[in-house]
Amino acid sequence: MKRGSLRLRLGLAAAGLIALALVLAGVGLTLIFDRVLDARTADGLDRTAKLIAGQVALAPDGTLTLPREPPDSRFFAPYGGLYWQVDRQVDPQGERAGGPALRSRSLWDRGLGTVPDTAQEPAVGDLAGPDGGTLIAVTRRVSIPANGANAALAVTVAEDRRDLAESRATFLRLLVPSLGALFVALTLAMSLFVRRALAPFRTLRADLAAIHAGTRARLPESFPEEVRPLVADLNRLLDAQERDLERARTGAGDMAHGLKTPLAVLDALARRTEGRHPALAAEIAEQAQAMGRQVERTLARARAASGGLRRRACPVAPALARVVGALKRLPEGEALRWEIAAADELAFPGDEGDLTEILGNLLDNARKWAHRRIRVSGGMRGGESRLVLEDDGPGMSEAAIAGIARGRRWDETRPGTGFGIAIARDLAEGAGARMQFGRSDLGGLRVEMRWPVPES
């Protein structure tokens, strides 16, 4: 795809938006995972706190006892990451008012604070750990009977957040590749979607190519609603162009017909004065012929331009055979060796009359200058059609080739006006063909025409 491609722009924009959406989704999922993980951890810690609160009791001497500690092995390993503690007489600020406290062996010789009291039971928050880490803690405040009264207790259970960080890292290790795979899948899906969405424009391009090739006159109306206004405008443009070309063709024809009478008068005057003023008669005749050829060239251009909208591909081989057959009957035509090798499937994207005039002008020029051989070859290769005409004559210089566009004669020793090849090139370009001139390996002029293979 080219840099300015609409498909590339839409694809890059879609990929960027997909990437941004997935990044935001990843951040959101990570935040949600952290919230859920904290909630599940706090719920587990609260269950442990309830278990401890249901078993704690006061001995006759007022000390706290816990007949059976929670079975998790981390409660027994020093700084094992999971801790519990039971405090007596807790004030509203969460500090112990007095009395010894029960705590897990994992706290070793350190104490564990309590989460400040909140309106919601249990209280959940962060506390400083015994080894300098951060703990997520749950404090549940309960009261138990003691010597005919109630003793207020605070049961705190906490877990090191570093253990939670490992779970978060595992989640991210799974999340990032999953989002990457999702990005690839969504980008491919969006690429297919963009390609499908731009399909009407590819169809429009193919229909326009068919119009250029002459196999279709107008664009069809079977396009999506969003593209129909563009199709309607293009059809109106084609109608307007056809009308303008028809007016131009009519004007050129009128001009040509209007000049025929003055040219005929000039020719008659030349013949009438030939006996008395031969030089003047020759000059008048020459100018009249030049004007006549100029009129022919103008008509050829008008015909080529107006035929561009409704061209039909015509086979080259039959037209070539007819032209060569006619030229062989002209002076010096039978003495030449004509080597014709044009593929049967070779088709010219223009009118058969235009093709005949192109071949006639080019081959007649070759007939005039060739010594012994004229070679014509044609075929299709690489999506292009090619037709090459060569002769073994003296050829043309680069300056003479450049003068073809201006209709100048490069050698006055042969009859002609110098417009034949120029007319052939005008007709070829009007049909969408490119014409190149050079020197043939036979020694003479080499003319090559190339055009895209017409659509069937």
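Since this is a predicted model, take the numbers as computed values, not measurements.

1. Quick word on the overall build of the protein
Consideration 1: Helix and strand counts for the protein come out as 9 helices and 14 strands.
Consideration 2: Put simply, 63% of the contacts in the protein that link residues at least 6 apart link residues at least 24 apart.
Consideration 3: For the protein, the exposed surface amounts to about 25,700 Å²; the carbon and sulfur share of it is 57%.

2. So, the pattern of salt bridges
Consideration 1: Within this structure, the stated rule accounts for 27 salt bridges.
Consideration 2: Among the salt bridges present, the one from Glu-384 reaches Arg-450, with a minimum N-O distance of 3.8 Å. Remark: Arg-450 occurs in strand E14 (residues 445-452) and Glu-384 occurs in strand E12 (residues 384-391); sequence separation between them is 66 residues.
Consideration 3: Residue Glu-384 is classed as buried on the basis of its relative accessible area, which comes to 18%.
Consideration 4: One salt-bridge network, held together by shared partners, links Arg-375, Glu-384, Glu-390, Arg-434, Asp-441, Arg-446, Glu-448 and Arg-450.

3. So, unusual backbone geometry
Consideration 1: The phi angle at Tyr-79 is positive, at roughly 55 degrees, despite the residue not being glycine.
Consideration 2: Position of Tyr-79 relative to the elements: it lies in the loop between strand E2 (64-65) and strand E3 (82-88).
Consideration 3: Overall, the relative accessible area of 32% leaves Tyr-79 in the partly exposed class.

4. With respect to the pairing of E3
Consideration 1: Within E3, 7 of the 7 residues are buried, which leaves the element mostly enclosed by the surrounding structure.
Consideration 2: Along E3, one buried face is formed by Leu-82, Trp-84, Val-86 and Arg-88 and the opposite face, lined by Tyr-83, Gln-85 and Asp-87, is buried too.
Consideration 3: Here E3 runs beside strand E7 (residues 149-160); their pairing, made up of 7 bridges, is antiparallel. Of the residues in E7, the one forming a bridge with Tyr-83 is Ala-158.

5. Digging into the packing of aromatic side chains
Consideration 1: A full pass over the atoms with the stated rule returns 2 aromatic pairs.
Consideration 2: With a centroid separation of 4.1 Å and an interplanar angle of 5 degrees, the aromatic rings of Phe-33 and Phe-171 are classed as stacked. Residue Phe-33 is located in helix H1 (residues 6-55), and its partner Phe-171 is located in helix H2 (residues 161-197); the two are separated by 138 residues in the primary sequence.
Consideration 3: In this structure Phe-171 comes out as partly exposed when scored by relative accessible area, which is 22%.
Consideration 4: Centre to centre, the rings of Phe-348 and Trp-451 are 5.3 Å apart; their planes meet at 80 degrees, and the pair counts as edge-to-face. On the criterion of sequence distance, the pair formed by Phe-348 in strand E10 (residues 347-348) and Trp-451 in strand E14 is long-range, its members being 103 residues apart. Across the pair, Trp-451 and Phe-348 agree in class, each one buried.

6. A short note on the UniProt feature "transmembrane region" (unreviewed entry) in the protein
Consideration 1: As annotated in UniProt, the feature "transmembrane region" (unreviewed entry) corresponds to residues 171-194 in the numbering used here.
Consideration 2: Segment residues 171-194 splits into 100% helix and 0% strand. End C-alpha atoms: 33 Å apart.

7. Let's talk about the pairing of E7
Consideration 1: Buried residues dominate E7, accounting for 9 of its 12 residues.
Consideration 2: Pairing of strand E6 (residues 134-146) with E7 involves 12 bridges; the strand directions are antiparallel. Paired with Pro-145 across the strands is Asn-150, a residue of E7.

8. Some points on the nonpolar core
Consideration 1: Core analysis: the largest hydrophobic core is formed by 39 residues, its most contacted members being Phe-348, Ile-358, Leu-359, Leu-363, Leu-387 and Met-435.
Consideration 2: Ignoring any residue separated from it by four or fewer positions in sequence, one finds Ile-358 in contact with Phe-348, Ala-424, Leu-427, Ala-428, Met-435 and Met-449.
Consideration 3: Within the second largest apolar cluster, 23 residues are counted, among which are Leu-82, Leu-102, Ile-136 and Val-157.

9. Things to note about H1
Consideration 1: An ideal rise of 1.5 Å per residue puts 74 Å on 50 residues; H1 measures up with 73 Å between its terminal C-alpha atoms.
Consideration 2: Measuring from the backbone nitrogen of Arg-7 back to the side-chain oxygen at the start of H1 gives 3.2 Å, which picks out Ser-5 as the cap.

10. Brief notes about the environment of Leu-22
Consideration 1: Tracing the chain through its elements places Leu-22 in helix H1.
Consideration 2: On the basis of relative accessibility, which here comes to 11%, the residue Leu-22 falls in the buried class.
Consideration 3: With 157 residues separating them along the chain, Leu-22 and Leu-179 place their C-alpha atoms 6.6 Å apart.
Consideration 4: Dropping the residues within four chain positions of it, Leu-22 is found in contact with Leu-179, Leu-182, Phe-183 and Leu-186.

11. Here's the deal with the sheet that holds E7
Consideration 1: Spatial ordering of the open sheet is given by E4-E3-E7-E6-E5, a layout of 5 strands whose pairing is antiparallel. The sheet is open, and its two edges are formed by strand E4 (102-103) and strand E5 (123-128), each paired on a single side.
Consideration 2: Here 6 bridges tie E5 to E6, and the two strands are oriented antiparallel to one another. Along E6, the bridge assignment pairs Gly-125 with Ala-137.
Consideration 3: In this fold H2 packs onto E5, E6 and E7, with an angle of close to 40 degrees to the strand it touches most, E7.

Rules behind the numbers
Residues numbered from 1 in each chain as written. Predicted model: local features only at pLDDT ≥ 70, side-chain atom pairs only at ≥ 80, totals over all residues. Heavy atoms only, no water. Helix = DSSP H or I, 4+ residues; strand = E, 2+ residues; numbered from the N terminus. Contact = heavy atoms within 4.5 Å. Areas by Shrake-Rupley, 256 points an atom, 1.4 Å probe, with all protein chains shown as cover. Salt bridge = Lys/Arg side-chain N within 4 Å of Asp/Glu carboxyl O. Buried < 20%, exposed > 50% of the residue type's maximum accessible area, 1.4 Å probe, protein only. Pairing = 2+ DSSP bridges. Phe/Tyr/Trp six-rings, centres within 6.5 Å; stacked < 30°, edge-to-face > 60°. UniProt positions renumbered as here; feature names shortened; annotations may be inferred. Core = buried A, V, L, I, M, F, W, Y, C linked by side-chain atoms within 4.5 Å. Expected span 1.5 Å × (residues − 1). Polar contact = N/O pair within 3.5 Å; in protein donor to acceptor, adjacent residues only side chain to side chain. Axes fitted to C-alpha atoms, helices over the stretch in contact; angles between N-to-C directions.

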